[in-house]
Amino acid sequence: SAVDASRRLELSARNTLQTLKNELATSQPKRKTLEAARDLVAVQKRQAQIDRQRTRVISPVAGTVISDRVRKDEYVNEGDPLIVISDTSHMEVKCNLRVDELYWVWLQSGIFRPGANSSLKSRYEIPKTKVDVVFEFKGIEYIWDGELSRYEGAGLDEATRTVPCRVLVAEPTNVRYGESSPSIPTLIIPSLTSGMYVTIRISVNSPIPLIKLPSAAVRPGGQVWVARNDTLNIEAIDVVRATAERTLVRVKKNAGLTPGDVVIVSPLANVREGMSVREALP
């Protein structure tokens, strides 16, 4: 019985020994595989460190960072946006022009007149026009030089029936103040910035003759009362642009209102063509 017990213990020990030998034989290749993986990771780490030393993230524009998309030590893939930069080297102003306002820009350029030799490309581009970008603050007008540069889209805005346009301000830091400002500013706004509500002023040299009238002289129905030889004449006018103080009207050929006419701004009762009038003494 003792011998049998000893033999069973010997057999169990031999089985355990064989199992350990098998595990050892299996562990040797696995160790080599893990060591190779370790060496590969070490090489990749050294390569990443070299790449990091040689890598620079360069912005294509000079501007101000307005949004961070990732944080430090985060993993990013190729093509992922890192930051959002506002280009401050130049600014664009969004504006909407009515068709009757854009008409004068087209008219001034001369390329859309009948018989003008305009290319197909120019018909889809807005004529380059100098404008003033005006920002009013505390009663003082700050002005930047801009250029009406392009259309924003290919048609009218469906809600406002106006033409979306873009104004390019090449030098946002080059600002001046309006000479008509009531006082000299104590400081100059550093730069034109995003979010400002501004006014666009477009100066147009009209190729057609116009007459400037006091707005008080324009009567309902597009009429003007004119005093000629102490007689009242009623003239129909074609209003081009009207403000609170001045109204521009188109000059008609061989008839109607002419430069030098005396217009009546005072209210009169029972007005009729040919009635006698006289100029009130100041």
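Note that the structure is predicted; figures quoted are calculated from it, not measured.

A. Highlighting the layout of surface pockets. Computed from the structure, the largest pocket encloses a volume of approximately 710 Å³. If you trace the largest pocket, you find 19 residues lining it, with R201, I202, S203, V204 and R241 closest to the centre. Looking at the lining of the largest pocket, the elements with two or more residues in it are β3 (91-97), α2 (99-109), β8 (199-202) and β13 (239-242). For the lining of the largest pocket, the element with the most residues is α2, which contributes 4 residues. Residues belonging to the lining of the largest pocket are distributed by class as follows: 11 nonpolar, 3 polar and 5 charged.

B. Representation of the pattern of salt bridges in the model. Under the counting rule described, the total for this entry stands at 17 salt bridges. Between R176 and D132 there is a salt bridge; the shortest N-O distance is 3.4 Å. Placement of R176 in strand β7 (residues 175-177) and of D132 in strand β4 (residues 129-137) is noted, with a sequence separation of 44 residues between them. A salt bridge links R166 to E152, with the shortest nitrogen-to-oxygen separation between them at 3.1 Å. Placement of the pair is R166 in strand β6 (residues 163-169) and E152 in the loop between β5 (140-151) and β6, with a sequence separation of 14 residues. With relative accessibility at 15%, the residue R166 sits in the buried group. Classification of E152 by relative accessible area gives partly exposed; the value is 29%. Among the charged side chains, a salt-bridge network with shared partners connects E92, R150, E152 and R166.

C. Region of the structure containing the pairing of β6. Taking burial as the measure, the 7 residues of β6 include 6 buried ones, the bulk of the element. For β3 and β6, the ladder comprises 7 bridges, and the chain directions are antiparallel. Each residue of the ladder has a partner; that of K94, found in β6, is R166. Both β5 and β6 contribute to a ladder of 4 bridges, which runs antiparallel. In the sheet register, R150 faces β6, and the bridge partner there is R166.

D. Local environment of the side chain of R219. Position of R219 among the secondary structure elements: in strand β10 (residues 218-219). E273 is the oppositely charged side chain nearest to the buried, salt-bridge-free R219, at an N-O distance of 12 Å. Of note is the side chain of R219, whose polar atom sits 3.1 Å from the backbone oxygen of S266. The contacts of R219, once residues within four sequence positions are left out, are W225, I264, V265, S266 and P267.

E. Representation of empty space enclosed by the protein. Under the defined criterion, the tally for this structure stands at 1 cavity of 30 Å³ or more. Quantified by volume, the largest cavity comes out at close to 40 Å³. Every residue along the wall of the largest cavity is listed here: A236, I237, D238, V249, R250, K252, G256 and L257. The class makeup of the residues in the lining of the largest cavity is 4 nonpolar, 1 polar and 3 charged.

F. Up close: the environment of P60. In this structure, P60 sits in the loop between α1 (2-54) and β1 (63-68). Relative accessible area serves as the criterion here: at 81%, P60 is assigned to the exposed category. As for P60 and I85, which are separated by 25 residues in sequence, their C-alpha atoms are 9.6 Å apart.

G. Spotlight on the confidence of the model for the protein. In the predicted model, the protein carries a mean pLDDT of 86, and 94% of its residues have values of at least 70. β6 holds the highest mean pLDDT among the elements of the protein, 93, whereas helix α3 (residues 120-123) holds the lowest, 66.

Thresholds applied
Residues numbered from 1 in each chain as written. Predicted model: local features only at pLDDT ≥ 70, side-chain atom pairs only at ≥ 80, totals over all residues. Heavy atoms only, no water. 1 Å grid on protein atoms, 1.4 Å probe; cavity = no way out; pocket = protein on both sides within 12 Å on 5 of 7 lines; lining within 4 Å. Points joined across faces, edges and corners; volume = space filled by probe spheres on them. Helix = DSSP H or I, 4+ residues; strand = E, 2+ residues; numbered from the N terminus. Nonpolar A, V, L, I, M, F, W, Y, C, P; charged D, E, K, R; others polar. Salt bridge = Lys/Arg side-chain N within 4 Å of Asp/Glu carboxyl O. Buried < 20%, exposed > 50% of the residue type's maximum accessible area, 1.4 Å probe, protein only. Pairing = 2+ DSSP bridges. Lys, Arg positive; Asp, Glu negative; His and termini not counted. Polar contact = N/O pair within 3.5 Å; in protein donor to acceptor, adjacent residues only side chain to side chain. Contact = heavy atoms within 4.5 Å. pLDDT = per-residue confidence, 0-100.

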